[in-house]
Amino acid sequence: MELSKVKNYDEMSMEAAKIVFQKIVDSNRLVLGLATGSTPEKMYEYLADMLNKNKVDLSHVYTVNLDEYVGLSPEDEQSYHYYMREIFFDKVDIPLENTKLPNGVAEDLGRETREYDEMIEELGGVDLQILGIGRNAHIAFNEPGTSFESGTHVVDLTESTIQDNARFFDKIEDVPVKAVSMGLGTIMNAKSILLMASGDGKRQALKNMIHGEITEEVPASILQRHHDVKVITDVADIEL
Ligand SMILES: O=P(O)(O)OC[C@H]1O[C@](O)(CO)[C@@H](O)[C@@H]1O
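Residues numbered from 1 in each chain as written. Predicted model: local features only at pLDDT ≥ 70, side-chain atom pairs only at ≥ 80, totals over all residues. Heavy atoms only, no water.

As named in an unreviewed UniProt entry, the chain is Glucosamine-6-phosphate deaminase, taken from Salinicoccus sediminis. Under the heading Sequence similarities (unreviewed entry), UniProt records this for the chain: "Belongs to the glucosamine/galactosamine-6-phosphate isomerase family. NagB subfamily." (UniProt positions renumbered as here; feature names shortened; annotations may be inferred.)

The following block contains the structure:
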């Protein structure tokens, strides 16, 4: 694991954007795993700026997102489909057919999860996976207790995640209680991983992830077993 300590959210976002930008420019074909949530917002903004200023062609870039809420259609403003279009896809010149997210309104969710994993495999796997981390050390929507071997699956969100995400909704009852999420096994298959964490609220999760026991109770702790993880954080007293 590699650690980059930065001063603030802005620096974290810029450093991450530069890494992703370079990877895009250096590759003939790239599968990017994308995350949502508040953490990567500014990174997408910086990345879009860099791509546009340099007129980078993105027809060789494919994206697969980590997760989507169950019950929210792509047109729903709270859906991750909507978030990705608003924050990134509509701002850059990427063919929309290259961008994939789980379908949270699929009639058969079990089939959706299987087909999502197959789709990732057909693309050749994820080259670079961007991650945030939840306060309870969840990555994607893999809550404590999720199997380290899990593929894409349907998740019951924990109370703490529902509370954390309530800020994006008018009222807490509107927060979906289930999501379709890539599994920990899926994430571990990525060739490289870039995890961003900002703010003191993530301190304990980061400490547990880096130094704690590798246990399914701390989903992000599995990253200790990945050979190519870079963490960028503005949390002051985090060490490797
Ligand atoms: O970036 P945030 O909003 O703090 O969320 C942290 C994590 O929680 C999720 O939004 C899911 O709840 C992840 O996608 C994200 O990595």
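This part is about the site of the ligand. Near the ligand lie 16 residues; those nearest to it are Ser38, Thr39, His138, Phe141 and Lys202. The separation between an oxygen atom of the ligand and a polar side-chain atom of Asn165 is 3.4 Å. Take Lys202: an N or O atom from its side chain is 2.7 Å from an oxygen atom of the ligand. Against a free-state accessible area of 380 Å², the protein chains account for coverage of 94% of the ligand. Residues of the shell around the ligand, tallied by class, amount to four nonpolar, nine polar and three charged. (Near = heavy atom within 4 Å. Polar contact = N/O pair within 3.5 Å; in protein donor to acceptor, adjacent residues only side chain to side chain. Areas by Shrake-Rupley, 256 points an atom, 1.4 Å probe, with all protein chains shown as cover. Nonpolar A, V, L, I, M, F, W, Y, C, P; charged D, E, K, R; others polar.)

With the rule as written, the count across this model stands at 14 salt bridges. We note a salt bridge from Lys42 to Asp10, for which the minimum N-O separation is 4.0 Å. Of the two residues, Lys42 is situated in helix H2 (residues 41–53) and Asp10 in helix H1 (residues 9–26); the sequence distance between them amounts to 32 residues. By relative accessible area, Lys42 is classed as partly exposed at 24%. (Salt bridge = Lys/Arg side-chain N within 4 Å of Asp/Glu carboxyl O. Helix = DSSP H or I, 4+ residues; strand = E, 2+ residues; numbered from the N terminus. Buried < 20%, exposed > 50% of the residue type's maximum accessible area, 1.4 Å probe, protein only.)

What follows concerns the UniProt feature "active site" (unreviewed entry) in the chain. Per the UniProt record, "active site" (unreviewed entry) is annotated on Asp67, Asn136, His138 and Glu143. Tracing the backbone shows His138 in the loop between strand E6 (128–131) and strand E7 (153–156). Using a relative accessible area of 11% as the deciding quantity, one classes His138 as buried. When near neighbours in sequence (up to four residues on either side) are disregarded, His138 contacts Gly132, Ile133, Glu143, Thr161 and Pro219. (Contact = heavy atoms within 4.5 Å.)

A few words now on the sheet that holds strand E4 (residues 67–69). Spatially, three strands are ordered E4-E8-E7 in an open sheet, and the strand pairing comes out antiparallel. The open sheet has two edge strands, E4 and E7, and neither has a second partner. Strand-to-strand, the axes of this sheet are offset by a mean angle of 25 degrees, without reference to chain direction. Judged from the three bridges that link them, E4 and strand E8 (residues 178–181) form a sheet pairing that is antiparallel. Across the sheet, the residue bridging to Tyr69 is Ala179, located in E8. (Pairing = 2+ DSSP bridges. Axes fitted to C-alpha atoms, helices over the stretch in contact; angles between N-to-C directions.)

Quick look at the sheet that holds strand E9 (residues 192–197) now. Strand order across the open sheet formed by seven strands is E1-E10-E9-E6-E2-E3-E5, with parallel pairing between neighbours. Edge positions in the sheet fall to strand E1 (2–5) and strand E5 (99–100), since each of these pairs with one other strand and no more. Taken together, the five bridges between E9 and strand E10 (residues 229–233) define a ladder with parallel strand orientation. Residue pairing across strands places Leu194 opposite Lys230, the latter belonging to E10. Against the sheet, helix H4 (residues 109–123) engages strand E2 (30–34), strand E3 (61–65) and E5, with an angle of about 155 degrees to E3.

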